[in-house]
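Structural features, examined
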Amino acid sequence: VVLFVGAIIARKGIDTLLEAWSRVAPRYPLGRLVLVGPRHSELGPPAESQASFQPALDAFIERSGLSEQVVFTGAVSNVEDYYQAADVFAFPSEREGMPNVVLEAFACGLPTILVPFLGLPEEFGHPGEQYLLAQRTPEALATALETLMENQEQRQRLGQEAHRWVREHLDVELSLDRYAALYRELARKRVTQRR
């Protein structure tokens, strides 16, 4: 099971992920690509630039014969169940701030594939250690998917390293301590400047 979590919109790279899956799926007839998140119809009227996106995805799935292997769940209240059921997390977004879904996948020990995106933070660790980094092409993403699907040892190692990284570097208490230290330092500098 390959999992994506997020809104089903163009900037999230779903079209690239579907093209990659179409290359991988014939080798894994029992495999599933599970897309957890609201579609445009659930988000309200789509922007003009997005209006044709979902129909294009649906047409591609139909044309590629992937109807049985691609699952759209819509918005769910139990996303943690999907993280626990998945074998690989793929996040091919084009731009993000700090995508919590990646941290959630890491926290669940889920081996993760990212593509370079605008805003990819250093806080996610290092490619090849905490996650795989694939170029934003269907071919490269398909290769990364196959690499993890075929190598249980690598999946386990990446998942364990991602989980360890989140615990050691992104723990909530640690993050709050860093913010508090930053605020104290800024306040100290402000008082010093006034003197």
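A short tour of the structure in this document, coming up. (Residues numbered from 1 in each chain as written. Predicted model: local features only at pLDDT ≥ 70, side-chain atom pairs only at ≥ 80, totals over all residues. Heavy atoms only, no water.)

Attention now moves to the sheet that holds strand β6 (residues 132–133). An order of β3-β2-β1-β4-β5-β6 is seen for the 6 strands of this open sheet, with the pairing classed as parallel. Every other strand in the sheet has two partners, leaving β3 (70–74) and β6 as the edge strands with one partner each. Two strands pair when backbone bridges link them, and strand β1 (residues 2–5) and strand β2 (residues 33–36) are joined in this way by 4 bridges, in the parallel orientation. Across the sheet, the residue bridging to F4 is L35, located in β2. Across the sheet, helix α5 (residues 100–107) is in contact with β1, β4 (88–91) and β5 (112–114); its angle to β4 comes to roughly 165°. Running over the sheet, helix α6 (residues 138–150) touches β1, β4, β5 and β6 and is turned about 170° from β5. (Pairing = 2+ DSSP bridges. Helix = DSSP H or I, 4+ residues; strand = E, 2+ residues; numbered from the N terminus. Contact = heavy atoms within 4.5 Å. Axes fitted to C-alpha atoms, helices over the stretch in contact; angles between N-to-C directions.)

All right, on to the pattern of salt bridges then. When the charged atoms of two side chains lie near each other, side chains of opposite charge can form a pair. With the rule as written, the count across this model stands at 10 salt bridges. E96 is the salt-bridge partner of K12, the closest N and O atoms lying 2.8 Å from each other. Here K12 is found in the loop between β1 and α1 (14–24), whereas its partner E96 is found in the loop between β4 and α5, with 84 residues between them in sequence. Comparing K12 with E96, the two get one shared label, buried. Linking R27 and E150 is a salt bridge whose minimum nitrogen-to-oxygen distance equals 2.6 Å. Linking R27 in the loop between α1 and β2 with E150 in helix α6, this pair joins segments that are 123 residues apart in sequence. Beyond isolated ion pairs, a larger network of salt bridges with shared partners links R11, K12 and E96. (Salt bridge = Lys/Arg side-chain N within 4 Å of Asp/Glu carboxyl O. Buried < 20%, exposed > 50% of the residue type's maximum accessible area, 1.4 Å probe, protein only.)

Spanning 13 residues, α6 covers 18 Å between terminal C-alpha atoms, matching the ideal 18 Å at 1.5 Å per step. All buried positions along α6 are accounted for by P138, L141, A142, A144, L145, E146 and L148. Close packing links the buried residues of α6 with β1, α1, β4, β5, β6 and α7 (152–169). (Expected span 1.5 Å × (residues − 1).)

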